[in-house]
Amino acid sequence: MGYITAGINHRTAPVSLREQVAFGAEQLPDALHSAKKYTGADEIVILSTCNRTEIYCSVHDQSVSSCFDKLLDWLAHYHHSDRQKLGEHSYLLRDNEAVNQLMRVACGLDSMILGEPQILGQLKTAYASAKSAGTTGTGLNRLFQHSFTTAKQIRTETAINQQPVSVAYAASRLAKQIFADLSKITVLLIGAGNTIELTARHLCQQGVSNIIVANRSLDRPGRLTAMFGGKAVLLSDLPRVLPTSDIVISSTASPVPVLGKGAVERALKLRKHQPMFMVDIAVPRDIEPEVSDLADVFLYTVDDLQDVIEDNLQQRKAAARQAERMIEADTFEFMTRLRALDAVNLLRSYRQSAEAVRDQELKKSLLSLARGAQPEDVLLQLARTLTNKLMHHPSVQLKNAAAKGQHEQLEWAQKLLGLSPDQNSDPINPEQATDYEH
């Protein structure tokens, strides 16, 4: 069994490319089955967030190379993206590196904000979606559960998430830097997911008291406004509430922008060109990039938040180094166990094969005894036949190895068979095994 990871993230690709290959929750079931069929992977999980799209696969060893080549082909094909450009900004990882990457993602070590906790929940959701779609099995189930355990251990034993940092936190910090007194500011939050909830929580902690939450339905926004105050409106009400909003922070799962340049331009006229601060933390983007061309708008995307969060990174680097060491150890432990499981499966198959030969020859011996054959003759024949049949295939392979000059394989066979070097002048002389091939 082998593991493969392919993807792009905020370190390797700009947001303009990341949004081209992002997946909405409603796309995942179809995408998972499509990727599995196209690549020939045995199992597959797709993680898609504002900062990354990663595909995790489990494949049989003989299929690793072909699957490896097809992953990015499929991703480009599915999203109608430029394959060459995608290849320039992506990464392909195998076995130890693939396992290590998943653990680093689960622990927040590969996040824009080092150690941020949201990614673990997103990873669990991606895994649950794949399980529901039927595209996971023993290989990925074992890997993901091990990664979740590692993430929990690291968050418990290190200070990696001691400070409340996330993209939402960075957005609220940036707002605080631009507006000294947030208590007099009206904030419009577009969307009602976890990121928006976190943003609302951070803004309230920094003094914001006037919050408007806009969404396609009023159920979840109603719950948020009940928690933090403010009011809930529909997306269709945006033209009405936008002119009164000083800060706009958007994070929806919409595949197309929810705010265009024209709508913002009209809102600015009603505001008499009083400046607006806007943060688009969605991928694909919620706010048309052209909005940044307007003179009275300060528009930031998830990539722009990197400068805001740099201070947080300094506090977490020591914890991250400790976490990296723990992940290296856990990766080694996981792969060691995986290889041991392969040996268990091999031994089980070998035992079943030997037992099948034993049962077949025992049945023949019992029939001979029933027909009146001498027990001593039957036992001698049974012992001879069992020895010959059990040694036949190893003898053939040893002769082939000797003929090809594969001395390392012969030395390994000597250890495997428990033969001491002084039993033969050569490690193993297969010619002496000729009698056991019949």
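Note: the structure precedes this text.
In this report, we go over the structure that sits alongside the text.

### So, the overall build of the protein chain
In terms of regular secondary structure, the protein chain is built from 15 helices and 10 strands. Taking 2.2 N^0.38 as the reference for a compact globule, 438 residues should give roughly 22 Å; the C-alpha atoms of the protein chain span a radius of gyration of 31 Å, well beyond that estimate. When its C-alpha atoms are laid out on the principal axes, the protein chain stretches across 110 × 40 × 40 Å. Looking at the protein chain residue by residue over its 438 residues, the buried ones come to 47%. A fraction of 71% describes how many contacts in the protein chain between residues 6 or more apart in sequence connect residues 24 or more apart. In the structure as shown, the protein chain presents an accessible area of about 22,100 Å², 52% of it carried by carbon and sulfur atoms. Each charge class in the protein chain was averaged separately, 47 positive and 50 negative side chains, and the resulting centres sit 6 Å apart.

### Examining a nonpolar patch on the surface
A cluster of nonpolar side chains, namely Leu362, Leu366 and Leu369, defines an oily patch on the protein surface of about 260 Å² accessible area. Its place among the elements puts Leu366 in helix α13 (residues 310-370). Judged by its relative accessible area of 51%, Leu366 falls in the exposed class.

### Here we look at the pattern of salt bridges
Applying the stated criterion across every chain yields a total of 19 salt bridges. We note a salt bridge from Arg11 to Asp110, for which the minimum N-O separation is 3.3 Å. Here Arg11, found in the loop between β1 (2-9) and α1 (15-18), pairs with Asp110, found in the loop between α5 (96-106) and α6 (118-133); they are 99 residues apart in sequence, far enough to count as distant. When its relative accessible area of 5% is taken as the criterion, Asp110 is described as buried. One network of salt bridges, in which partners are shared, links Arg11, Arg52, Glu54, Arg104, Asp110 and Glu324.

### Let's talk about α6
The terminal C-alpha atoms of α6 lie 23 Å apart, and with 16 residues this matches the ideal 22 Å at 1.5 Å per residue to within 8%. Within α6, burial applies to Gln118, Ile119, Leu120, Leu123, Ala126, Tyr127, Ala130 and Ala133. One or two residues past the end of α6 sits Gly134, with phi positive at roughly 80°.

### Remarks on the sheet that holds strand β4 (residues 91-94)
Strand-to-strand pairing in sheets goes through backbone hydrogen bonds, with the strands running parallel or antiparallel. Spatially, β2-β3-β1-β4 is the arrangement adopted by the four strands of the open sheet, whose pairing is antiparallel. A single partner strand is all that each edge strand has here, and the edge strands are β2 (43-48) and β4. In this sheet, adjacent strand axes meet at a mean angle of 15° when their direction is disregarded. Across eight bridges, the pairing between β1 and strand β3 (residues 52-59) is antiparallel.

What counts and how
- Residues numbered from 1 in each chain as written.
- Predicted model: local features only at pLDDT ≥ 70, side-chain atom pairs only at ≥ 80, totals over all residues.
- Heavy atoms only, no water.
- Helix = DSSP H or I, 4+ residues; strand = E, 2+ residues; numbered from the N terminus.
- Rg over C-alpha atoms; globule rule 2.2 N^0.38 Å.
- Buried < 20%, exposed > 50% of the residue type's maximum accessible area, 1.4 Å probe, protein only.
- Contact = heavy atoms within 4.5 Å.
- Areas by Shrake-Rupley, 256 points an atom, 1.4 Å probe, with all protein chains shown as cover.
- Lys, Arg positive; Asp, Glu negative; His and termini not counted.
- Charge placed at Lys NZ, Arg CZ, Asp CG, Glu CD.
- Patch = residues over 30% accessible without salt bridge, like charges linked within 9 Å, V, L, I, M, F, W, Y side chains within 5 Å.
- Salt bridge = Lys/Arg side-chain N within 4 Å of Asp/Glu carboxyl O.
- Expected span 1.5 Å × (residues − 1).
- Pairing = 2+ DSSP bridges.
- Axes fitted to C-alpha atoms, helices over the stretch in contact; angles between N-to-C directions.

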